[in-house]
Amino acid sequence: MLKGKRALVTGSTSGIGLGVARALAAQGCDLMLNGFGDPAAVEALRAGLEREHRVKVRHHGADLSRPEQVEALVAATVDVLGGVDVLVNNAGIQHTAPVERFPAERWDAILAVNLSSAFHTVRHALPHMRKAGWGRIVNTASVHGLVGSVQKVAYVAAKHGIVGLTKVVALETAGAGITCNAICPGWTRTELIEPQIAARARALGVELEEGGRALLAEKQPSRQFVTVGQLGALVVFLCSEAAAQLTGAALPVDGGWTAQ
Ligand code: NAD
């Protein structure tokens, strides 16, 4: 369905970003991966995706907290793949602490990676999408773009910010063949939430799996984790013709969390 399209997925060396990259590659998209990781493991991932889906896959290790590296990432995507049609702003980091003990340095880092990097990728990628008359921007927000939770002041602020950015970009690109949406996952089992599962298990004096079940029970009515495959399929749908008029939305994928 997306054969010949060129996609940049930030934070795609693991978790949700990797799931989205896999789903886009399966639809024929050429890919620019981004994210940290052991160089040999990242190369194995890149080569594996290329082989399995017969698309072009490259990796760029830009640190998204650095605006000049974000600019270089978009430039490299255009240079190597020939353009950028699909932009998935997905990279994100987390830190949990009460607001009065929240380290200012973690606030700055979370705002830079989870919010400002998307502003920079969008402003550099949009001219290419406008020229092509087609584009899809998907921002991985979170349920925390819609509601708050204790101990996550920077994360919740950044994710609410990304929902706002999504709306403005959607308005400014309306009618230009370009859409911009946010996806808002609830608990999804990735490396990002493992420390929270471990902390809950420790606090309850139970095994890791029981800690995961306790996190789900507190917030996610389905009591099931969202899967990265489900999120990848949603991004593919947002890239489809069926979703051409779906723009400016923040779509919960949260087992009912935000319906409460
Ligand atoms: P993850 O830790 O598995 O993946 C994060 C990715 O971002 C990795 O590829 C990592 O290398 C990359 N990254 C981190 N800092 C970076 C930086 N400075 N520069 C470049 N890349 C960087 O986590 P995940 O759960 O897959 O998270 C992906 C996104 O989904 C995040 O935006 C997160 O906030 C969001 N999210 C996750 C959940 C969840 O329950 N896991 C729920 C809602 C939203």
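Everything quoted here is computed from the prediction, not taken from an experiment. (Residues numbered from 1 in each chain as written. Predicted model: local features only at pLDDT ≥ 70, side-chain atom pairs only at ≥ 80, totals over all residues. Heavy atoms only, no water.)

Regarding the overall build of the protein chain
Summing up its helical and strand segments, the protein chain has eight helices and seven strands in all. For the protein chain, whose C-alpha radius of gyration is 18 Å, the value lies close to the compact-globule estimate of 18 Å for 260 residues. Dimensions of the protein chain along its principal axes, counting C-alpha atoms only, are 55 × 40 × 35 Å. Within the protein chain, buried positions represent 50% of all 260 residues. (Helix = DSSP H or I, 4+ residues; strand = E, 2+ residues; numbered from the N terminus. Rg over C-alpha atoms; globule rule 2.2 N^0.38 Å. Buried < 20%, exposed > 50% of the residue type's maximum accessible area, 1.4 Å probe, protein only.)

Some details on the side chain of Asp85
Relative to the helices and strands, Asp85 is located in the loop between α3 (67-81) and β4 (86-89). We classify Asp85 as buried; its relative accessible area is 6%. A polar side-chain atom of Asp85 sits 2.6 Å from a polar atom in the side chain of Arg6. When residues no more than four places from it in sequence are discounted, the contact partners of Asp85 are Gly4, Lys5, Arg6, Met129, Trp134, Gly135 and Arg136. (Polar contact = N/O pair within 3.5 Å; in protein donor to acceptor, adjacent residues only side chain to side chain. Contact = heavy atoms within 4.5 Å.)

So, the nonpolar core
Core analysis: the biggest nonpolar cluster contains 36 residues, and Leu8, Leu87, Leu126, Ile137 and Val169 have the highest contact counts within it. Only α3, α4 (104-132), α5 (153-173) and β6 (178-185) provide two or more residues apiece to this core. When residues of this core are assigned to their parent elements, the largest contribution, nine residues, is made by α4. Excluding residues within four positions of it along the chain, Leu126 makes contact with Ile137, Val169, Thr173 and Ile178. Of all hydrophobic cores here, the second largest spans 30 residues; its members include Val9, Leu31, Val236 and Val253. (Core = buried A, V, L, I, M, F, W, Y, C linked by side-chain atoms within 4.5 Å.)

Section: the side chain of Thr173
Positionally, Thr173 belongs in helix α5. What makes Thr173 buried here is its relative accessible area of 0%. If sequence neighbours within four positions are ignored, Thr173 has contacts with Leu126, Arg130 and Ile178.

Some words on the site of the ligand
Every one of the 31 residues lining the ligand counts as a neighbour, but Thr13, Asn90, Tyr155, Thr188 and Thr190 are closest to it. Between Gly11 and the ligand, the recorded distance is 3.4 Å, taken from a backbone N or O atom to an oxygen atom. In this structure, an oxygen atom belonging to the ligand sits 2.8 Å away from a main-chain N or O atom of Thr188. Computed on the free molecule, the ligand has an accessible area of 820 Å², of which 93% lies beneath the protein chains in the complex. If you map the ligand onto the pockets, it falls in the largest pocket. When residues of the shell around the ligand are traced back to their parent elements, those giving at least two are α1 (15-26) and α5. A class-by-class count of the residues in the shell around the ligand yields 13 nonpolar, 15 polar and three charged. Built from parts of two domains, the shell around the ligand gets at least three residues from each of domain 1 (6-186 + 227-249) and domain 2 (189-225). (Near = heavy atom within 4 Å. Areas by Shrake-Rupley, 256 points an atom, 1.4 Å probe, with all protein chains shown as cover. 1 Å grid on protein atoms, 1.4 Å probe; cavity = no way out; pocket = protein on both sides within 12 Å on 5 of 7 lines; lining within 4 Å. Sits in = over half its atoms within 2 Å of the grid points. Nonpolar A, V, L, I, M, F, W, Y, C, P; charged D, E, K, R; others polar. Domains from an automatic or database assignment.)

Concerning the pattern of salt bridges
Considering all chains together, one arrives at 10 salt bridges under this definition. Close ionic contact of Glu50 with Arg58 constitutes a salt bridge, the shortest N to O distance being 2.9 Å. A relative accessible area of 23% places Glu50 in the partly exposed class. By relative accessible area, which is 30% here, Arg58 ends up partly exposed. Its salt-bridge partner being Arg66, residue Glu68 comes within 3.1 Å of it at the nearest N-O pair. Overall, the relative accessible area of 46% leaves Glu68 in the partly exposed class. Residue classification places Arg66 among the partly exposed positions, given a relative accessible area of 39%. (Salt bridge = Lys/Arg side-chain N within 4 Å of Asp/Glu carboxyl O.)

Examining the domain arrangement of the protein chain
A common way to state how big an interface is: give the accessible area lost once the parts meet. Entries for the protein chain in the domain assignment read domain 1 (6-186 + 227-249) and domain 2 (189-225). Between domain 1 and domain 2, the C-alpha centre-to-centre distance is 25 Å. Listed per partner, the contact involves 14 residues of domain 1 and seven residues of domain 2. Note on domain 1 versus domain 2: buried area summed over both sides is about 600 Å², and carbon and sulfur give 55% of it. (Buried area = accessible area lost by both parts, 1.4 Å probe.)

Brief notes about the layout of surface pockets
Taken as a whole, the largest pocket holds about 790 Å³ of empty space. Along the walls of the largest pocket sit 37 residues, with Asn90, Ala91, Gly92, Ile93 and Leu192 positioned nearest its centre. For the lining of the largest pocket, the elements supplying multiple residues, two or more each, are α1 and α5. Of the residues belonging to the lining of the largest pocket, the class tally is 15 nonpolar, 18 polar and four charged. (Points joined across faces, edges and corners; volume = space filled by probe spheres on them.)

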